[in-house]
Amino acid sequence: QVQLVESGGGLVQAGGSLRLSCAASRSISNIASMGWYRQAPGKQSELVAGITAGGRTNYADSVKGRFTISRHNANNTVYLQMNSLKPEDTALYYCNTRTIWGHDYWGQGTQVTVSS
């Protein structure tokens with residue numbers, strides 16, 4: 001069973017930066033896309049950023065220009081560089097990997113807290 005493990009979360013002041021990482025416990029074949037989601041208390045989960053196998057990226061409007069998603073294909077790792085953090089970015093961030101057959105793998109999440 002493949003596990004995705006996130007790291008890099010923590011407490012940061014507004015305006016600060018964090019870099020999240022998500023690594024797979026073993027190689028995953030035929031990846032279609034990887035992405036980062038977040039869920040704040042009392043809110044629905046939302047896609048923060050995604051990256052396809054071909055390198056195409058997409059971002060939630062709320063993070064465009066501040067967050068950057070990247071991946072290391074060789075070790076199935078995806079990163080999320082978060083700059084100019086705001087209190088409204090506070091949430092549990094978790095990663096997703098989707099195969100070309102539509103199978104999803106999910107991590108357990110890493111907490112990001114931004115103080116004002």
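These numbers were taken from a predicted model, which means no experiment stands behind them.

Quick notes on the rules
Numbers given for residues are sequential positions, taken from 1 along each chain in its written order. In keeping with the model being predicted, local features are shown solely for residues with a pLDDT of at least 70 and side-chain atom pairs are shown and tallied solely at 80 or more, while totals for entire chains, interfaces and linings include all residues. To obtain the side-chain values, all non-hydrogen atoms of the structure were included, while hydrogens and water were left out. Pairing between strands is defined by DSSP: at least two bridges between them are needed. Runs of H or I in DSSP of at least four residues are treated as helices and runs of E of at least two as strands, each being numbered from the N terminus. For helices, the fitted line uses only the C-alpha atoms of the stretch in contact; every axis is such a line through C-alpha atoms, and the angle between N-to-C directions lies from 0 to 180 degrees. What counts as a salt bridge is simple: a side-chain nitrogen of Lys or Arg found within 4 Å of a carboxyl oxygen of Asp or Glu. The classification of residues rests on relative accessible area computed with a 1.4 Å probe and restricted to protein chains. Under 20% of the type maximum is buried, over 50% is exposed, and intermediate values are partly exposed. By convention, a stacked pair of Phe, Tyr or Trp rings (six-membered ring in the case of Trp) has centres within 6.5 Å and planes under 30 degrees apart, an edge-to-face pair has planes over 60 apart, and any other such pair is tilted. Definition used: whenever NZ (Lys) or CZ (Arg) falls within 6 Å of the ring centre and also within 35 degrees of the ring normal, the charge is taken to sit over that ring.

Pairing in this open sheet of 4 strands is antiparallel, and the strands run S1-S3-S8-S7 from one edge to the other. The open sheet has two free edges, formed respectively by strand S1 (4-7) and strand S7 (67-72), since each of these has just one partner strand. For this sheet the average axis-to-axis angle between neighbouring strands, irrespective of direction, equals 15°. In this sheet, strand S8 (residues 77-82) lies alongside S7 in antiparallel orientation, the contact comprising 6 bridges. Counted as the bridge partner of Thr 68 is Gln 81 from S8.

Right, let's get into the pattern of salt bridges. Should their charged atoms come close, side chains of opposite charge can pair. Scanning all chains against the criterion turns up 5 salt bridges. Among the ionic pairs, Asp 89 bridges to Arg 66, the shortest N-O distance being 2.7 Å. Taken together, the residues span a long stretch of sequence, with Asp 89 in the loop between S8 and strand S9 (91-99) and Arg 66 in the loop between strand S6 (57-59) and S7 at a distance of 23 residues. Comparing Asp 89 with Arg 66, the two get one shared label, buried. The closest approach of N and O atoms between Arg 98 and Asp 104, which form a salt bridge, is 2.8 Å. By relative accessible area, which is 38% here, Arg 98 ends up partly exposed. Residue Asp 104 is classed as partly exposed on the basis of its relative accessible area of 23%. One connected set of salt bridges, linked through shared partners, spans Arg 38, Glu 46, Arg 66 and Asp 89.

Right, let's talk about the packing of aromatic side chains for a bit. All chains considered together, the criterion is met by 3 aromatic pairs. Aromatic pair Tyr 94 and Trp 106: ring centres 5.7 Å apart, planes at 50°, arrangement tilted. Here Tyr 94, found in strand S9, pairs with Trp 106, found in strand S10 (residues 104-106); they are 12 residues apart in sequence, far enough to count as distant. Taking relative accessible area as the criterion, Tyr 94 reaches 13% and is therefore assigned buried. Classification of Trp 106 by relative accessible area gives partly exposed; the value is 40%. An aromatic cluster is present here, built from Tyr 37, Tyr 94 and Trp 106 joined pairwise through their rings. Taking the ring centre of Tyr 79 as reference, the NZ or CZ of Arg 19 above it sits at 4.1 Å.

Treat this as a map of the structure, not an account of what it does.
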